[in-house]
Amino acid sequence: MSRDKFAQQSLGGTLHGMVKKSRVLMVGAGGIGCELLKNLVLTGFGEIHIVDLDTIDLSNLNRQFLFRNEHIKKSKALVAKEAAQKFNPNVKIEAYHENIKDSQFNAAWFQQFNLVFNALDNLDARRHVNKMCLASNVPLIESGTTGFNGNVQVIKKGDTECYDCVPKPTPKTFATCTIRSTPSQLIHCIVWGKSYLFAELFGISEDDAPELDQSLDKEGNNADEIAKLRQEATKLKRVREQMGSQNFPRAVFEMVFREDIERLLSMEDMWKGKRAPVALDFDQLSEESTVPAATLLQDDQRTWSTEENFAIFVDSILRLGQRLETERAQKEVGKSAVVLSFDKDDADTLDFVVASANLRAAIFGIEPRSKFDIKQMAGNIIPAIATTNAMTAGLCVLQAFKILRYTDPEQLKRHAQVVFLTRTTERNLAADLVQPPNPECPTCSVTQITLTVDTARAKLSDLVEDVLKSQLDYGEEFNVTKDGDLLYDADEDAHLDKTFSELGLITGSSVTVIDDADEDCKVNVQFSIDAKNLPSADKPISMLRDLKIATRPKAAIPVAAPSTNGHGHANTNGTSNGTISGVKRTADEASLEDDIVRKKGKVIKEKQVMNADDILVIEDEKDDGVIELD
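Because the structure is a prediction, the values reported are computed rather than measured.

Caption draft 1: Expanded view of the state of the cysteines. This structure, assessed with the given rule, holds zero disulfides. Free of any disulfide, Cys441 has its nearest cysteine sulfur in Cys162, 3.6 Å distant. Residue Cys441 is classed as buried on the basis of its relative accessible area, which comes to 1%.

In structure tokens, the structure reads:
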């Protein structure tokens, strides 16, 4: 009996044939990924590619059933391939122990797949895969779990909401005064190490750290602490100049673990009735630290002593300094300043945060924790439930059947679902049909175009003059950016004579064009670069000649209903349609809106469409229709 007999009977000959011919990509081989890979292999998907940068940890074994104790420290992707291949030798499996954000995994690479499955555990990677699937026009099945809760979402360019269409919850913030001066919990020390010390030394400024609350408390005390924090940041910038030298760890240590603590101790009133912090001594810890950091790092389940954390602090800060200096030396022209970002799966950054947090905990009399525990806290990891992962993975495959079966967009929209898995007494599964794209989404509302470019010959001026102005009818008011860096606008033309190669625009790179015209403003466009050697007789940039860029629809001016005190509300799916959700316009309101549009007054130009919550309409006695932007 054929191993496909029951699958064919269940799915039907046509759908089963599509499954066997399908080439799919699975990003992530963790909790959901192991269950999902097993489902894909046993269902008979013809070719499966797996991408995962992570390695197997002891903590994974309770729910990631493809792994065993002997696999610890090995690649998740490679081990998952080896284990799953035994379930069905007829399926072709390719594994990559790589970062999905690497340049080799560009839009052209994504286009080879019929389906992409996201089985990731971090927001940044999810958004990246979402963008790549939109750029390559490949359907994506997004999934995630949190404890007993799970969700599965079908994403198809132009037909459904993408991952960024609905705003995601903002991360929890902590008052700066607590983080900086009076930590009482280990999480305060972890946030200090991750969002302040690491950011100031190797990344963004503390002003941009999302977990540090820059607002004032009721007594206004946070203002003084923020000012002090910025003074310390200025000192840290001077310390940072020693990066790359053997004295760099001492300079950082002396400032944050001795001088800063002595400054706090000078404020005697602050410590009345509570335990005062104790400054640390670099030389003393250096003498008492006898075990090499490499040996200590082999056991991340044990809580290290203060001396052991000191050894890991020195070792990790040297590693990070050398890494940043190397990346700066390799910096491409036109790129923004090189910085490092914290990642719980990046050993260098995690070691630094663990050691820094535990040293600070020792200073304030807070119980330290193991590297394993701090990784969970720093990465905002909620313990996973094996059953939730299994159910979510099963739902992913069921939605994949719908994408393969319903090739017509209208049929897909009637059958594809967003499914939520919740632990309730009434209902465990809740499903809703997919929603249309949010026209204000900063990701999927952007037009995606691929340019074939001879990067050695093509100059930025060729893109600006030949493509944008001549072929796509752009006016003078537009700008071209790469990864947020301005390459061109009406007042910035220094890069026009540089080639794409000189600007670091290679295969996998992209530039974004934003039209600033007052009338008939075009939607934002992202040009993906496909580098090829073109014949010398041809133009260095090739693009479809009949391509037209849509213009942005004029947003209606939202008018507040009296019951809402002048504030509009976003609708339930996180989008804003220019009206007040759930409130119909009365004849008087419609007349007022028409009057505002007719009179116009000031024309307010915005590069991005604003949410209705950001616009407040005030009606005075003369009924002038004044618009105030908050």
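Caption draft 2: Quick look at helix H4 (residues 76-85). Looking at H4, one finds that the buried residues are Lys76, Ala77, Val79, Ala80, Ala83 and Ala84. Burial along H4 is one-sided: seen end-on, the buried residues are contained in an arc of 165 degrees. Where the residues of H4 are buried, they touch helix H3 (31-43), strand E2 (47-51) and strand E3 (92-96). By the N-cap criterion, in which a side-chain oxygen at the helix start approaches the backbone nitrogen of a residue two or three places on, H4 is capped by Ser75, the distance to Ala77 being 3.3 Å.

Caption draft 3: Seen up close, the packing of helix H14 (residues 347-363) against helix H15 (residues 371-378). Relative orientation of the contacting elements H14 and H15 amounts to 100 degrees, with a least axis distance of 10 Å. Considering the angle they form, H14 stands roughly perpendicular to H15. For the pair H14 and H15, the contacting residues are Leu350, Asp351, Val354 and Asn358 in the first and Lys371, Ile374 and Lys375 in the second.

Caption draft 4: Up close: the environment of Ala311. Within the secondary structure layout, Ala311 lies in helix H13 (residues 306-329). A relative accessible area of 13% means that Ala311 is categorised as buried. A C-alpha to C-alpha distance of 8.4 Å links Ala311 and Thr290, two positions 21 residues apart in sequence. Not counting residues up to four positions away in its chain, the partners in contact with Ala311 are Ser289, Val291, Ala293 and Leu296.

Caption draft 5: How the structure looks around helix H8 (residues 186-202). Over its 17 residues, H8 runs 22 Å from end to end, which matches the ideal 24 Å to within 8%, given 1.5 Å per residue. In terms of residue burial, H8 counts as a mostly covered element, since 17 of its 17 residues are buried.

Caption draft 6: A look at the side chain of Asp515. Take Asp515: it is sitting in strand E14 (residues 510-515). One buried charge, Asp515, has no salt-bridge partner; the nearest side chain with opposite charge is Lys522, at 5.5 Å. Looking at Asp515, its side chain comes within polar contact range of the main-chain nitrogen of Ala517, at 3.1 Å. Polar side-chain contacts of Asp515 include one of 2.9 Å to the backbone nitrogen of Lys522.

Caption draft 7: Quick look at the sheet that holds E2. What the eight strands build is an open sheet, ordered E3-E2-E1-E4-E5-E6-E9-E10; its pairing is mixed. Among the strands making up the open sheet, the edge pair consists of E3 and strand E10 (429-433). Averaged over all neighbouring strand pairs, the angle between strand axes comes to 15 degrees, with direction disregarded. Taken strand by strand, H4 contacts E2 and E3, and its axis lies near 165 degrees from that of E3.

Caption draft 8: Representation of the side chain of Ser356 within the structure. Position of Ser356 among the secondary structure elements: in helix H14. On the basis of relative accessibility, which here comes to 0%, the residue Ser356 falls in the buried class. At 2.8 Å, the side chain of Ser356 and the backbone oxygen of Phe352 are in polar contact. Excluding residues that lie within four positions of it along the chain, Ser356 makes contacts with Trp192, Gly193, Leu197, Phe257 and Phe313.

Caption draft 9: Examining the pairing of E2 more closely. Extensive coverage of E2 is indicated by the burial of five of its five residues. Residues of E2 alternate between two faces, with Glu47, His49 and Val51 on one and Ile48 and Ile50 on the opposite face, all of them buried. Two elements, strand E1 (residues 23-27) and E2, share five bridges in a ladder whose sense is parallel. Directly across from Leu25, in E2, lies its bridge partner His49. The handedness of the E1 to E2 crossover, carried by H3, is right-handed. As paired elements, E2 and E3 share five bridges and run parallel to each other. Counterpart to Val51 in the pairing with E3 is Tyr96. Assessed by its sense of winding, the connection that carries the chain from E2 through H4 to E3 is right-handed.

Caption draft 10: Examining empty space enclosed by the protein more closely. For the structure shown, the criterion picks out two cavities of 30 Å³ or more. Taken as a whole, the second largest cavity spans an internal volume of roughly 40 Å³. Taken together, Gly244, Ser245, Gln246, Phe248, Ile317, Leu318, Gly321 and Gln322 form the lining of the second largest cavity. For the lining of the second largest cavity, the element with the most residues is H13, which contributes four residues.

Caption draft 11: Fine view of the sheet that holds strand E15 (residues 525-531). Reading across from one edge, E13-E12-E14-E15-E11-E16 is the order of the six strands in this open sheet, with mixed pairing throughout. Taken across any chain shown, the strands that pair with only one partner, and hence form the sheet edges, are strand E13 (485-488) and strand E16 (541-542). As paired elements, strand E12 (residues 478-482) and E13 share three bridges and run antiparallel to each other. Residue pairing for E13: Lys482 is matched across the bridge by Asp485. Contacting strand E11 (447-453), E12, E13, E14, E15 and E16, helix H18 (residues 460-471) crosses the sheet at an angle of about 135 degrees to E12.

Procedures and definitions
- Residues numbered from 1 in each chain as written.
- Predicted model: local features only at pLDDT ≥ 70, side-chain atom pairs only at ≥ 80, totals over all residues.
- Heavy atoms only, no water.
- Disulfide = S-S within 2.5 Å.
- Buried < 20%, exposed > 50% of the residue type's maximum accessible area, 1.4 Å probe, protein only.
- Helix = DSSP H or I, 4+ residues; strand = E, 2+ residues; numbered from the N terminus.
- Arc of directions from axis to C-beta.
- Contact = heavy atoms within 4.5 Å.
- Polar contact = N/O pair within 3.5 Å; in protein donor to acceptor, adjacent residues only side chain to side chain.
- Axes fitted to C-alpha atoms, helices over the stretch in contact; angles between N-to-C directions.
- Parallel < 35°, antiparallel > 145°, perpendicular 65-115°, else oblique.
- Expected span 1.5 Å × (residues − 1).
- Lys, Arg positive; Asp, Glu negative; His and termini not counted.
- Salt bridge = Lys/Arg side-chain N within 4 Å of Asp/Glu carboxyl O.
- Pairing = 2+ DSSP bridges.
- Right-handed = clockwise from strand over helix to strand, strands pointing away.
- 1 Å grid on protein atoms, 1.4 Å probe; cavity = no way out; pocket = protein on both sides within 12 Å on 5 of 7 lines; lining within 4 Å.
- Points joined across faces, edges and corners; volume = space filled by probe spheres on them.

By themselves, these observations are geometric and do not establish any function.
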